[in-house]
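# Structure assessment
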Amino acid sequence: MLSPINLHVDAVFVLSVRSFHDRIAHIEEELQRHGIAFEWIFEHDAAELDAQLVEATFAQSDMGPPQHSLVLKHIETWKRCVARGYRRVLVFEDDAMLASSFSQVFSAAMREADRIERPYMIYLGCGDNKYAEPSPRSDSVLVKTSLALPATDAIVVDQSAARLRLEYISRHKITRPADWLMREADAAMGIDQYWLSDPIVEQGSMTGRFESVLDRKRIGRSRMWTALRFRWDRWRRRTLRHRRAEAMQEIAVAPSELRREALAVAVARMAAALIAVGAFTGAAVSNIASLIMLLAFFAAPSWWTRVRRASRQPLGFASVLFLLLLLLAATWSVAPFGVALTAWTGWRHFVLLFIALAIFDTRAAKLAFAKVFVVAASVAAVASFLTIDFGSAQATSDVAGGIILRNHVTQGMSLTVGALLALVLSRHAPRGSWLQWAWAAAAALMVANVLFVAYGRSGYVVLAITSVAVALGLWRGRARGLALVVVILLALATSQLSPMIKQRFDQGVQEMSQTASSEQLTSMGIRMVMWETTTAIVRDAPLFGHGLGSFPEQYQHRVTARYTGWKATLTEDPHNQYLLILAETGLLGLAGFVWFLFSALRQLLHGPFRLIAISLLLAWCITSLFSSHFHTFNEGHLIAMLLGVCLARESAARDHARNQSRSAASTAERTSA
């Protein structure tokens, strides 16, 4: 009795080589497990290739006998399909690994294929861990796709497609391996390619089951490394793949509420810009603006729809999850609950990040935010060069030395952010206009202040990382290489013109190395003591920590028992973001924080704003090894607003309109050319 698979196709072919005994045994076992009757294709083994056939079929290329052999074996299946009058055939390569659900899914796919009218090919696998995204409005098993076919381990081809492929190779000599050949032939001959929404075959040479004999990238790699790489890619692309953009459709508001909606959202967006400005000018500005932003947001008729949209974005969901983990950590804290709850409110800027994701759903809104921030940062840079005191400087500032913002670290980091946003504004300004030059000049002004006035090591690190990211991300081709060379040359020149940079880093290294012998408190010396003490605190409760808000008391107890003098200086912050999270929430909290960081990479967005956000996030992650920059008021509010604004998913309708506009522009260029 034939299996359900054989009832849906007229033949099952297996491509193999007579000497591949391990693969032959494997595929026999796989197909017997599913009761599939099959026919071997042993013709055209690499060791037995006919030289005249190879010369007649292939043109000059870098393919060798193994690649020639596989192509000829696939061609043999097309010939048999046509010659025997088969409606369609199923073709396996000998390293195919079938899922337990193969029979059910394959049967469903073939029932759908029965309704296809054009020539078609169906790919059953997930070569190189490539997956087709199914339509959110369809429960179809088949997905019509333009994705490049990555492998040929398991395919179904109908007679019309087989005939057209034979016609194609009769007119073209082959220069590509089997998967490339099928891509080119199908595109040229009008053959539709379908994938499965959930693949039911994996390729043993990609999973590490067998050593590859065709892929030059995998030949020579250990099977263990191949297996680990495959499983990582599968988890990353299947589990962590982007959420669909379909959730970001336009927000519908009743006509009678349009004016209130527009006003409320506009006020909330302006307040968001003032929160970011207040992060480097004064806490009062940020606090007042935060309240206004919250009130305006909830006054908008669309607030609930926007909350739902933000929660569906990876970063929005992760920020809420992290806040809930912190709140949970408050319940087991050794500190009084009131203290723990106060510590939880210290992370309130993550709520602001979530709201920013909800309201900055247009490119115009992001550009308006950037303009407010750049103007404020430019004024601050000019005031710094002129040493103007606006009265907002704190005790840690040095107005006489040009530090007019909250402190030298905040000044360096915020002016670097301003320079990045100014570059984006310059790229969006009309080419050659005075505005384009004005924004570029503002960026140069702020960079100069970071290099020659603001002496914060964190500012230097942020500037270096984001400069390289911008050089690599905002340009393409030769312009990218030129931009990178310019960044490197400027960095070398600046290090010579501004000895403060080298001096600051040398000082930090010296302070760290002299911690044991130093008789006085130093910035990096006390950090060494803090990290050592905090590590001991973490070891006492590694999984869940001591609870939110517990660090100051735990540190006091531990450090006074260990040290005296300056080393016994108390602190509420170990000056390492990751150690602080570990000490209070353990590995559970750190996992939530890492997931938050990774979720930023998963935001379905492209363009300069994403580039800026990711480069700043990377810089913040590095500087947070030496400070708690995601938690402290200044840098915490700054990065929260920037991530929320820059990574907010822009509405699908506006994305579509912009893409249509770009497409029309590119078409016009090609036509005029």
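Above this text you will find the structure in question.
Cut-off values and rules
Residues numbered from 1 in each chain as written. Predicted model: local features only at pLDDT ≥ 70, side-chain atom pairs only at ≥ 80, totals over all residues. Heavy atoms only, no water. Helix = DSSP H or I, 4+ residues; strand = E, 2+ residues; numbered from the N terminus. Buried < 20%, exposed > 50% of the residue type's maximum accessible area, 1.4 Å probe, protein only. Contact = heavy atoms within 4.5 Å. Areas by Shrake-Rupley, 256 points an atom, 1.4 Å probe, with all protein chains shown as cover. Polar contact = N/O pair within 3.5 Å; in protein donor to acceptor, adjacent residues only side chain to side chain. Patch = residues over 30% accessible without salt bridge, like charges linked within 9 Å, V, L, I, M, F, W, Y side chains within 5 Å. Salt bridge = Lys/Arg side-chain N within 4 Å of Asp/Glu carboxyl O. Axes fitted to C-alpha atoms, helices over the stretch in contact; angles between N-to-C directions. Parallel < 35°, antiparallel > 145°, perpendicular 65-115°, else oblique. Left-handed = near helix turned anticlockwise from the far one by under 90°. Nonpolar A, V, L, I, M, F, W, Y, C, P; charged D, E, K, R; others polar. Expected span 1.5 Å × (residues − 1). Core = buried A, V, L, I, M, F, W, Y, C linked by side-chain atoms within 4.5 Å. Phe/Tyr/Trp six-rings, centres within 6.5 Å; stacked < 30°, edge-to-face > 60°. Lys NZ or Arg CZ within 6 Å of the ring centre and 35° of its normal. Pairing = 2+ DSSP bridges. Arc of directions from axis to C-beta.

## Thoughts on the overall build of the chain
Counting secondary structure elements, the chain contains 27 helices and 9 strands. The buried share of the chain, taken over its 673 residues, is 52%. Long-range contacts, defined as pairs at least 24 residues apart, comprise 78% of the intrachain contacts of the chain with a sequence gap of at least 6. Entry remark: accessible area of the chain is about 31100 Å², with carbon and sulfur atoms responsible for 61%.

## Points about the side chain of Glu635
The residue Glu635 is located in helix 26 (residues 633-647) in this model. Here the side chain of Glu635 touches Thr410 through a polar contact of 2.7 Å, side chain to side chain. A polar contact is formed between the side chain of Glu635 and the side chain of Thr632, at a distance of 3.1 Å. Every residue in contact with Glu635, bar those within four places of it in the chain, is listed here: Asn407, Val409, Thr410, Met413, Trp620 and His629.

## Side note on a nonpolar patch on the surface
Taken together, the side chains of Leu328, Leu543, Phe544, Leu587 and Leu588 define a hydrophobic patch exposed on the protein surface, amounting to about 450 Å² of accessible area. Mapped onto the elements of the fold, Leu328 is located in helix 13 (residues 314-331).

## So, the packing of helix 10 (residues 258-281) against helix 16 (residues 363-385)
Remark: helix 10 packs on helix 16, axes separated minimally by 9 Å, with the N-to-C direction vectors making an angle of 30 degrees. As judged from the angle between their axes, helix 10 and helix 16 are roughly parallel. Note that helix 10 runs across helix 16; the crossing there is right-handed. Contacts from Arg269, Met270, Ala272, Ala273, Ala276, Val277 and Phe280 of helix 10 reach helix 16 at Ala365, Phe369, Val372, Phe373, Ala376, Ala377 and Ala380. The residue makeup of the contact of helix 10 with helix 16, split by class, is 13 nonpolar, no polar and 1 charged.

## Structural notes on the pattern of salt bridges
For the coordinates displayed, the defined rule picks out 27 salt bridges. A salt bridge links Glu43 to Arg80; its shortest N-O distance comes to 3.0 Å. Taken together, the positions of Glu43 in the loop between strand 2 (39-41) and helix 3 (51-57) and Arg80 in helix 4 (residues 65-83) put the pair 37 residues apart, joining distant regions of the chain. Taking relative accessible area as the criterion, Glu43 reaches 33% and is therefore assigned partly exposed. A network of salt bridges, in which partner residues are shared, links Glu39, Glu43, Glu76, Arg80 and Arg84.

## Comments concerning helix 26
Between its first and last C-alpha, helix 26 extends 21 Å over 15 residues, near the 21 Å set by a 1.5 Å rise per residue. Of all the 15 residues making up helix 26, 14 are buried; the element is thus mostly covered by neighbouring parts of the structure.

## Quick notes on the nonpolar core
Counting residues in each nonpolar core, the largest one holds 116 residues, and the members touching the most others are Met293 and Leu421. No other element matches helix 24 (residues 577-601), which puts 11 residues into this core. Contacts of Leu421, omitting those with residues within four sequence positions, involve Phe369, Ala370, Phe373, Val374, Phe609, Ile612 and Leu642. By size, the runner-up hydrophobic cluster in this structure holds 40 residues, among which are Leu15, Cys81, Leu166 and Ile174.

## Here's the deal with the packing of aromatic side chains
Applying the stated criterion across every chain yields a total of 22 aromatic pairs. Considering the side-chain rings of Phe38 and Trp40, the 5.0 Å spacing of their centres and the 85 degrees angle between planes classify their relative orientation as edge-to-face. The class of Phe38 is partly exposed, set by a relative accessible area of 27%. Seen from their ring centres, Trp303 and Trp304 are 5.7 Å apart, and the 70 degrees between their planes marks the pair as edge-to-face. You can call Trp303 partly exposed: its relative accessible area is 31%. By way of ring pairs, the aromatic residues Phe322, Trp347, Phe350, Tyr578, Phe593, Phe596 and Phe630 are connected into one cluster. Looking at Arg183, its charged tip hangs above the ring of Trp180, at a distance of 4.3 Å from the centre.

## Digging into the sheet that holds strand 2
In a beta sheet, neighbouring strands are held together by backbone hydrogen bonds and run either parallel or antiparallel to one another. In spatial order, the strands read 2-1-3-7-5-8-6; together these 7 strands make up an open sheet with mixed pairing. Unpaired on one side and paired on the other, strand 2 and strand 6 (142-144) mark the two borders of the sheet. Strand-to-strand, the axes of this sheet are offset by a mean angle of 25 degrees, without reference to chain direction. Pairing of strand 5 (residues 120-123) with strand 7 (residues 154-158), which is carried by 3 bridges, proceeds in the antiparallel orientation.

## Focus on the packing of helix 6 (residues 159-171) against helix 7 (residues 178-189)
Where helix 6 meets helix 7, the closest approach of the two axes is 10 Å, and the angle between their N-to-C directions is 100 degrees. It follows that helix 6 is roughly perpendicular to helix 7 by the angle criterion. Residue-level contacts link Leu164, Arg165, Glu167, Tyr168, Ile169 and Arg171 of helix 6 to Leu181, Met182, Glu184, Ala185, Asp186, Ala188 and Met189 of helix 7. The residue inventory of the contact of helix 6 with helix 7, partitioned by class, reads 8 nonpolar, no polar and 5 charged.

## Details of helix 23 (residues 551-562)
Taking 1.5 Å of rise per residue, 12 residues should cover 16 Å, and helix 23 covers 16 Å from first to last C-alpha, within 8% of that figure. Every buried residue of helix 23 is accounted for by Phe551, Gln554, Tyr555 and Val559. Seen from one end, helix 23 has its buried residues packed into an arc of 110 degrees, which puts them on one side. For helix 23, exposure combined with an orientation more than 90 degrees from the buried face picks out His557 and Ala561. Tucked inside the fold, the buried residues of helix 23 contact helix 22 (523-540) and helix 24.

## Side note on the pairing of strand 5
With burial as the criterion, each face of strand 5 is covered, one bearing Tyr120 and Ile122 and the other bearing Met121 and Tyr123. Here 4 bridges tie strand 5 to strand 8 (residues 192-196), and the two strands are oriented parallel to one another. Residue Tyr120 lies in a different strand from strand 8, and its bridge partner there is Asp192.

## Concerning unusual backbone geometry
Note: most peptide bonds trans; most residues except glycine with negative phi. Positive phi, normally seen in glycine, also occurs at His44, with a value near 65 degrees. With respect to the helices and strands, His44 occurs in the loop between strand 2 and helix 3. Relative accessible area serves as the criterion here: at 23%, His44 is assigned to the partly exposed category. Unlike most non-glycine residues, His575 shows phi in positive territory, near 60 degrees. Mapping His575 onto the fold places it in the loop between helix 23 and helix 24. Judged by its relative accessible area of 23%, His575 falls in the partly exposed class.

## Examining the environment of Val201
Looking at where Val201 falls in the secondary structure, it is placed in strand 9 (residues 201-203). Overall, the relative accessible area of 2% leaves Val201 in the buried class. Expressed as a C-alpha distance, the spacing of Val201 and Asp153, which sit 48 residues apart in the sequence, is 7.9 Å.

## Regarding the environment of Phe633
Locating Phe633 in the fold gives a position in helix 26. Separated by 353 residues in sequence, Phe633 and Phe280 have C-alpha atoms that sit 9.6 Å apart. With sequence-adjacent residues up to four places away left out, Phe633 is seen in contact with Ala283, Ser286, Asn287, Arg348 and Arg406.

## Topic: the side chain of His34
Checked against the element boundaries, His34 lands in the loop between helix 2 (21-33) and strand 2. Not counting the four nearest positions on each side in its chain, His34 is found in contact with Ser3, Ile5, Leu98, Ala99, Ser100 and Phe102.

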